[in-house]
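Coordinate analysis (summary)
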Amino acid sequence: MTLVAGVDSSTQSVKVVVRDAETGAPVREGRAAHPDGTEVHPSFWLAALHSAIESAGGLADVSALSVAGQQHGMVCLSSSGEVVRPALLWNDTRSAGAATELVAELGARSWAEAVGSVPVASFTVTKLRWLRNHEPASAEATAAVCLPHDWLTWKLSGSTDLADLVTDRSDASGTGYWSPATGSYQLDLLARALGREVAVPRVLGPAESITATGSGAGSGAGGGSGAALGLILGAGAGDNAGAALGLGAQPGDVIVSIGTSGTVFGVSTVPAADPSGIVAGFADCTGAYLPLVCTLNAARVLDAVAGMLGVSHAELASLALRAPSGADGLVLVPYLEGERTPNRPEANGSLHGLTLRTATPQHLARAAVEGLLCGLADGLDALVEQGLKAERILLIGGGAVNEAVRRIAPSVLGRPVTVPPAGEYVADGAARQAAWALTRELPQWRAEGAQTFDGPADPAVRSRYAHAREHVLERV
């Protein structure tokens, strides 16, 4: 049996899965936690990855590995390869003002035409402008900039040469200075943000790879920074593109993922360029495109409301399902961490329609689930308006485990939803990519056990939410 490994280095943790390269059958896995916060030194990711590899039984019998990871984060490196400052993660919104500056300088349409997306605070390009404005010494010390999964792949490779940094199409497309349509960097946009050009990773094709040198590394299961000598390292992926690959998504499939962030995305044969900035025109892992809408507030909304009510997630679901559709007019606009779509980085969450009748745990639980789903439904509408076909809705992520989310989703999204069995789809996508890099042929792995949920749409829920979201307050 030939084994491959896939890594999902997410905001909160790292997961490592080891799979049979031919069938995708699971062999073993491991995980480790990441520190909290929106600013993290990359060394913590590497330490967690080594711990997860060790708990997954090491890499001694693994032939290839790929790393998928959180998108957009800014990792700045000095000329000697040292980390200049802790990485700013995608959900760090301090660069909101920088995003506004950059969009004003060129115009939203020009950005969309150049790189397929209009920059918002999560994008790497806006974080580089923030760095130039607020930490000029760090900006001056930066010789190369890369993304979280790029840095991990580089460290696993054993190289210390900045020229050996690599990335992939999907993650490069979230920087704000790489074009999915042309397949090339727009380094003038990077220079506009940072004040000058610096080195960037080489973009590998879908089945391309590099080989670990094993420099000072040993097995890669504990000490040392690299992987075992000769291990094939795939191009890697942004987390959403990794999930699409892990699910085997095809044109016509739309994936609704409820994790730390909420994302709605689908595979397309043509690049997107939405000047409104709602749809990000990303690339996927196969050579196609992955138009995407992202919300900052997703599963943590359920965490927060469950905490407020002092209940478990299962109890929260039970409460929500005991309330009527629409929660008798109670609406939660869940902008608990600001919001990316719509672009309201300084917004607060708000509760509307609170009366004696709706002041119950059941109503609040229902409003939380419906509010979370309404934000994602807005994203689905935006993708459809861009011409994406929505023939099948796949609901994944930690939030999709919640029974109320599964059963309420059809009424809010207006379509049946299919819930695949719970799995590590980002890590599985990375493992599938590793098998592709190893054999030069994309394996056809199949998962069984999906459930489909259906029910009548309730347009009133969306209508009340649309009214309420226009009346949220900004932070003071």
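Quantities reported herein were computed from a predicted structural model and do not represent experimental measurements.

**Side note on the overall build of the protein**
Within the protein one finds 15 helices and 24 strands. Here the C-alpha radius of gyration of the protein, 21 Å, is about what a compact globule of 476 residues would show, namely 23 Å. Judged by the C-alpha coordinates and their principal axes, the protein covers about 65 × 55 × 40 Å. By the burial criterion, 59% of the 476 residues in the protein qualify as buried. Here the protein carries 33 positive and 47 negative side-chain charges, and the mean point of each set is 3 Å from the other.

**Some words on the packing of aromatic side chains**
With the rule as written, the count across this model stands at 2 aromatic pairs. A centroid spacing of 6.1 Å and a plane angle of 40 degrees characterise the contact between Phe-123 and Phe-282, whose relative ring orientation is tilted. Here Phe-123 is found in the loop between α3 (108-115) and α4 (124-134), whereas its partner Phe-282 is found in strand β18 (residues 280-283), with 159 residues between them in sequence. One exposure class covers both Phe-123 and Phe-282, and it is buried. For the cation-ring pair, Arg-169 lies above Tyr-289, with the distance from its terminal atom to the ring centre recorded as 5.6 Å.

**Structural notes on helix α8 (residues 187-194)**
Where α8 is concerned, the buried positions are Leu-189, Leu-190, Ala-191, Ala-193 and Leu-194. Buried residues along α8 sit against α2 (96-106), α3, α4, α5 (136-141) and β8 (144-146). Immediately downstream of α8, the backbone of Gly-195 shows phi near 100 degrees, a positive value.

**Section: the state of the cysteines**
The full count for this structure, using the stated rule, is 0 disulfides. Cysteine Cys-146 is unpaired, with the sulfur of Cys-76 as its nearest cysteine sulfur at 8.4 Å. The buried category is assigned to Cys-146, whose relative accessible area is 2%. Not engaged in a disulfide, the cysteine Cys-374 finds its nearest cysteine sulfur in Cys-294; these two sulfurs lie 17 Å apart.

**Examining the side chain of Ser-157**
Following the sequence through the fold, Ser-157 ends up in helix α6 (residues 148-157). By relative accessible area, which is 4% here, Ser-157 ends up buried. Once you skip the residues sitting within four places of it in the chain, Ser-157 turns out to touch Ile-210, Ala-212, Thr-213, Gly-214 and Leu-233.

**A closer look at the environment of Leu-373**
Looking at the secondary structure, you find Leu-373 in helix α12 (residues 361-385). Note: C-alpha distance between Leu-373 and Gly-262 (111 residues apart in sequence) is 9.2 Å. Residues contacting Leu-373, with those up to four places away along its chain left out, are Ile-258, Val-405, Ile-408, Ala-409, Val-412 and Leu-413.

**Comments concerning the pairing of β18**
Because side chains alternate across β18, one face comprises the buried residues Ala-280 and Phe-282, and the other comprises Gly-281 and Ala-283, equally buried. Of the pairings in the sheet, the one linking β18 to strand β19 (residues 289-295) comprises 4 bridges and is antiparallel in character. If you follow Phe-282 over to β19, its bridge partner there is Leu-290. What sits between the antiparallel neighbours β18 and β19 is a turn of 5 residues, in which Gly-287 has the positive phi angle 110 degrees.

**Examining the nonpolar core**
Grouped together as the largest cluster of nonpolar side chains are 54 residues, with contacts concentrated most on Ile-258, Val-369, Leu-373 and Leu-395. Element by element, the count of residues in this core is highest for α12, at 13 residues. Not counting the four nearest positions on each side in its chain, Leu-395 is found in contact with Val-256, Ile-258, Ala-400, Val-405, Arg-406, Ala-409, Thr-418, Val-419 and Pro-420. Counting residues in each nonpolar core, the second largest holds 45 residues, with Leu-128, Trp-130, Ala-244 and Phe-282 among its members.

**Comments concerning the confidence of the model for the protein**
When pLDDT is averaged across the protein, the result is 93; 97% of the residues are at 70 or more. Throughout residues 216-225 the model reports pLDDT below 50, and contacts reaching past four residues in sequence, or to other chains, amount to 26 contacts.

Basis of the calculations
Residues numbered from 1 in each chain as written. Predicted model: local features only at pLDDT ≥ 70, side-chain atom pairs only at ≥ 80, totals over all residues. Heavy atoms only, no water. Helix = DSSP H or I, 4+ residues; strand = E, 2+ residues; numbered from the N terminus. Rg over C-alpha atoms; globule rule 2.2 N^0.38 Å. Buried < 20%, exposed > 50% of the residue type's maximum accessible area, 1.4 Å probe, protein only. Lys, Arg positive; Asp, Glu negative; His and termini not counted. Charge placed at Lys NZ, Arg CZ, Asp CG, Glu CD. Phe/Tyr/Trp six-rings, centres within 6.5 Å; stacked < 30°, edge-to-face > 60°. Lys NZ or Arg CZ within 6 Å of the ring centre and 35° of its normal. Contact = heavy atoms within 4.5 Å. Disulfide = S-S within 2.5 Å. Pairing = 2+ DSSP bridges. Core = buried A, V, L, I, M, F, W, Y, C linked by side-chain atoms within 4.5 Å. pLDDT = per-residue confidence, 0-100.

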